[in-house]
Structure formats: structure tokens, C-alpha cells
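Close look at the chain arrangement
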Amino acid sequence: MNGDKLKLLLLCSLSALALAGCGADDISSPGTGGNVTINNGTGGNTGGNNGGNNGGGTVTPASGCPTIADPQGLKDDGTITGPTGTYRVCTLPARINTSIRLTKVSGLLYQMAGRVDVGTDGGFTASSSDTNVTLTIDPGVILFGGTGQSWLAVNRGNKISAVGTATQPIIFTSRDNVLGLNTETSQGQWGGVVLMGRGRVTDCTTGSVAAGTCERQTEGAADPARFGGANDADNSGRMSFVQIRYSGFVLGANVELQSLTGEGVGSGTVIDHIMSYNSSDDGSEWFGGSPNMKHYIAVGADDDSIDVDTGARMNVQFALLIQRSGAGDALNEIDSNGFETDTPRTKLQMSNFTMIQPAVSSNNEANDQASALYRGNSDVTLVNSVIASPNNECIRMNGSGATPATLTAHSVGLNCNATKFLGTGSYNATQVAGFFNAGTNNRDTFTPTFSGGFINGSNETGLVAFNVTPLSAFFTAVTYIGAVKDSADTWYAGWTCNSTAANFGSGNSGACTSLPTT
């Protein structure tokens with residue numbers, strides 16, 4: 001999230017669309033790739049003749065599109081050819097009005113030609129107006145965004161059930177990925193997945209916190225996607241063993257999507273084994289609600305690997321945040337800057353994170369200025385984790401308002417440059433260092449000994465773990481810090497994809513620049 005307040009104000013004055021992004025300071029600003037020209041797929045139009053020069057592979061097209069329960073059906077848009085073979089393209093309707101299941105069919109891809117709505121927004125509270133539509137996606141299904149403006153919007157009162165397996169992940173990706181046009185730096189080729197719920201939010205675009213009517217909207221268009229309510233236990237469905245590749249685009253001034261955007265998502269939603277790859281904005285961003293997430297991987301995010309704000313109260317355990325060398329902003333950013341009096345306060349509890357920033361990036365230097373930024377109306381608890389950022393400051397805290405951001409840390413190892421801590425606003429670096437060192441078993445001179453880039457070694461094993469279970473029943477008891485205990489701990493294996501930034505081994509879906517063929 002970009003810290004340039006002047007830019008935000010200018011954007012807000014230039015466009016009514018910016019109203020959706022001009023609440024909390026820097027709510028959803030882009031990474032360095034967020035405002036570049038969107039690659040809408042220059043390899044040819046979807047159809048039998050596109051991508052012909054990339055032919056080969058083993059996949060042959062399915063004979064047609066399957067039948068779905070929604071009477072609109074799937075549109076047969078011919079075939080698309082890339083290095084892995086030729087596929088039948090079955091395009092989803094713009095709005096799914098009846099619960100449907102997308103089955104895995106050999107030689108078939110599902111396309112989102114633009115914005116695809118799951119059901120219709122049921123409003124602030126549950127009522128008979130809820131369409132109660134569930135989009136079920138079977139293991140191994142691949143969906144792609146047909147244009148830069150493609151994204152999946154799961155509206156309030158509706159659900160997604162995207163449950164893959166460790167050997168058959170569900171993959172959301174871009175058209176250029178299918179065509180074999182992508183490189184290790186490709187990004188921002190389609191929107192992403194957005195879950196909208198009825199959890200409490202702050203930084204209102206409509207209603208007010210005081211009246212208990214606060215809502216926000218994803219885009220400031222004629223048909224906005226709204227979220228928020230009063231039900232923190234709301235259920236938007238389940239997403240498990242899912243990859244989201246090459247996402248992130250600008251909806252309007254200072255309003256961007258990331259791989260996975262959670263908005264007012266309640267604790268009834270199940271989210272685990274999620275991989276974001278090369279998002280042009282954040283790996284995931286969470287606006288309000290009470291979401292929980294386990295086993296999260298963000299590789300190559302061009303902004304923040306995880307971003308939590310606008311009153312979200314979130315728990316996350318077991319996470320690998322890995323940036324491309326010299327790219328990206330912060331590994332994590334937590335705030336509701338400028339709305340410090342709003343309640344509920346943003347609260348993030350993180351355990352067993354391994355966060356890796358190999359080199360300083362110009363994006364981070366110009367914006368968050370450290371590998372982790374905590375500010376505004378936020379309270380962060382960081383335990384059993386490692387920030388490996390040898391060339392950068394590790395933690396910056398910005399003090400603002402009468403009750404500024406707080407940090408509680410236990411059993412955390414920091415590998416930073418000589419400065420280590422930054423304080424801005426009402427905080428100085430000495431205060432920030434004091435917040436960190438007030439905890440137990442913290443080391444700000446930690447030397448990582450990872451094998452394979454992220455697997456714990458002797459120094460990680462030597463740092464005594466903190467008992468995380470009193471924080472929330474959500475957390476699993478552990479006896480180690482970091483995301484990956486040892487070589488026998490392979491929760492990341494099978495359902496991921498590989499790149500030069502992070503190699504998760506053999507037996508998975510292969511290179512992120514390619515598609516699995518089985």
C-alpha cells in the first residue's frame with residue numbers, strides 16, 4: 001500500500017470513482033506494477049486460431065462444454081492453444097443466478113470474460129433477498145481471466161466452494177499463462193478473487209460506525225460491489241488448495257484488486273492452503289470482518305504480501321511470504337490510517353510466519369520503508385516468526401491519533417540491516433525497538449539458517465517457541481518458530497507452483513509459467 005498521501009488526495013479529487021478508495025489512507029494502493037498498462041493478452045483472440053505458434057504439448061480439447069444448473073449455461077468459445085496443448089474454452093455467465101458446479105474435464109478450461117458475479121448482493125443483513133448461490137469448483141479445475149478486467153465477485157449472501165486437494169489444486173490464472181507468454185516478472189493480467197461478507201468494517205463509504213451501518217464498496221462504478229454488515233461469524237464459503245496467479249488490476253483511482261481480496265469476511269468462512277503468485281498489488285488484502293487463514297503462501301507480490309486494514313480482526317498461522325529480489329513493498333502492512341477513532345480496531349495475530357525480502361526495492365524505499373509497517377488504528381501480535389530482510393529495515397511503526405498502533409512480539413527473529421527499526425509520526429525508532437524487545441525470546445540480531453530457502457535450520461530450531469493457543473482457539477499448538485519446521489514438514493508440497501523466487505520441489509503443478517496437464 002502506497003504511502004504517498006498527496007497522490008491519494010489528487011486521485012480523489014480527479015475522479016468520483018476514487019471515493020471507494022479515499023477513506024482510510026492508502027487502503028488499496030498499487031505496487032509498482034499496479035498502474036502500468038494492463039496486458040489483455042496480445043497473443044490472439046480466444047478461438048481456434050489463437051496461440052497457434054505456441055502449439056505442441058499433450059492436451060487435446062474436450063468435445064464441448066458441460067451442462068451446468070444455471071439455465072444460462074456455459075458458452076463454448078472454441079479452443080485456445082499454448083505450449084501444453086489445446087483446450088476447449090467454456091465461458092461463465094456474467095452473473096451466476098443458480099448454484100452450479102464446475103467439474104474437471106480433460107482438455108477444458110473455464111473462462112471469466114469479464115466480471116463474474118456469484119449471486120446478487122443480499123445487502124447489509126441476511127433476508128429473503130439473498131440469492132444463496134454457491135459456486136462449487138472441483139479439484140484440478142483451471143479458470144482464467146479472459147481480459148485484464150476479469151474478476152470473480154462472490155457477493156454477500158452467496159458462497160464459493162473451491163476445494164482442491166494437495167495433488168489437484170484449483171488454479172485461477174491469466175489468458176497469457178495459458179498461451180505460454182508469461183515470464184518470471186509477469187503480473188497484473190486479470191483481476192482476482194473477491195469474497196464479500198457481512199462482517200463489521202470501518203472507514204465507511206456509506207453509513208457510519210456509530211450507527212452500526214458502516215459499509216464499503218469494492219469499486220465506485222454504477223454497479224458497485226458492496227460489503228460489510230454486523231455479522232462477524234458470516235460464512236462466504238470455503239477456499240482450500242487454491243493457486244491465484246498473475247492477478248491485480250486497477251478498478252478505479254486508488255482502487256485495486258489483488259490475488260485474494262477479503263471484504264467483511266466472517267469467521268464462518270474457511271480459508272487455507274492459498275498461494276498467490278505475482279500479484280501486481282498485494283498477495284492478499286483483508287478489509288474488515290473476522291477472517292482466519294492457515295497455510296498461506298505469497299510469492300512475488302508487487303506491493304505487500306499480506307495487508308490487513310479497515311477494522312479486520314484476523315488470525316493467520318503458517319505463512320511463507322517471499323518477494324522477488326528487488327521487487328515488492330512490505331512483507332506485511334497493517335493499518336487503518338486516518339480513522340484511528342473507528343471501532344473495531346484492526347487486529348492481526350500472526351504465528352509461524354517466514355518472511356523473506358532478499359533485497360531492497362525502490363517501491364519499498366518510496367512507500368512503506370521497511371519489511372513490516374504497522375500504523376493507524378491497528379494492534380499487531382507477531383509470534384513464532386522470522387523476518388529475513390538483511391538489506392532492509394525490519395519494522396516501521398507510525399504513531400498517529402490518541403491511541404496509535406501497537407505491537408506485541410514473542411519468539412521472533414529479525415535479520416535486518418543496521419538500522420532495524422524505524423519510527424515515524426509520534427513514534428521514534430527507540431520506541432519501536434522497545435515495543436519489540438519488551439516481548440519474550442525475541443532476537444533482533446538473528447541469523448537465518450534456512451535450507452531450501454525457507455525450511456528451518458539449527459538457528460530457527462534453537463529459538464524457543466511461544467505458546468500461541470491462548471491467543472485464540474484457531475491456533476494450532478507448536479513447538480517451533482517459522483512456517484516450516486523441518487524437512488519432514490511438507491504442508492507446502494504438491495499444490496503449489498515453482499519459480500526462481502521460490503522452488504517448492506517436484507511433484508507439484510510445475511512451473512508457475514506453465515499449466516499442469518493432468
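Description of the structure in this document. (Residues numbered from 1 in each chain as written. Predicted model: local features only at pLDDT ≥ 70, side-chain atom pairs only at ≥ 80, totals over all residues. Heavy atoms only, no water.)

As for the side chain of D272
Structurally, the position occupied by D272 is in strand 19 (residues 270–277). For the buried D272, which has no salt bridge, the nearest side chain bearing the opposite charge is R238, at an N-O separation of 4.2 Å. Excluding residues that lie within four positions of it along the chain, D272 makes contacts with R238, M239, S240, F241, K294 and H295. (Helix = DSSP H or I, 4+ residues; strand = E, 2+ residues; numbered from the N terminus. Buried < 20%, exposed > 50% of the residue type's maximum accessible area, 1.4 Å probe, protein only. Lys, Arg positive; Asp, Glu negative; His and termini not counted. Salt bridge = Lys/Arg side-chain N within 4 Å of Asp/Glu carboxyl O. Contact = heavy atoms within 4.5 Å.)

What about the packing of aromatic side chains?
For any pair of aromatic rings, the description rests on two quantities: the centre-to-centre distance and the angle between the ring planes. Under the counting rule described, the total for this entry stands at 11 aromatic pairs. With a centroid separation of 6.2 Å and 50 degrees between ring planes, the pair formed by F227 and F287 is classed as tilted. Pair noted here: F227 is in strand 14 (residues 226–227) and F287 is in strand 20 (residues 284–287), with a separation of 60 residues, a long-range link. Each of the two residues, F227 as well as F287, counts as buried. With 5.1 Å between their ring centres and 85 degrees between their planes, F454 and Y492 make a pair best called edge-to-face. (Phe/Tyr/Trp six-rings, centres within 6.5 Å; stacked < 30°, edge-to-face > 60°.)

Concerning the sheet that holds strand 22 (residues 306–309)
Spatially, the 11 strands line up as an open sheet ordered 3-6-9-12-18-20-22-24-26-28-30, and their pairing is parallel. Of all the strands in the sheet, the pair left with one neighbour each is strand 3 (95–96) and strand 30 (421–425). Pairing of strand 3 with strand 6 (residues 115–118) involves two bridges; the strand directions are parallel. Considered in strand 6, the bridge of I96 is made with V118. In the packing of helix 4 (residues 429–437) onto the sheet, the strands contacted are strand 28 (395–399) and strand 30, and the crossing angle to strand 30 comes to about 120 degrees. (Pairing = 2+ DSSP bridges. Axes fitted to C-alpha atoms, helices over the stretch in contact; angles between N-to-C directions.)

Structural notes on the pattern of salt bridges
A complete count under the given rule lists 15 salt bridges for this structure. The residue D302 makes a salt bridge to R324 at a minimum N-O spacing of 3.8 Å. Here the residue D302 occupies a position in the loop between strand 21 (292–299) and strand 22, and R324 occupies one in the loop between strand 23 (313–322) and strand 24 (332–335), the gap between them amounting to 22 residues. Accessibility expressed as a relative area gives 14% for R324, which makes it buried. Residues D379 and R345 are paired through a salt bridge, measuring 2.8 Å at the closest nitrogen-oxygen approach.

The quantities given are spatial measurements derived from coordinates; they are silent on function.
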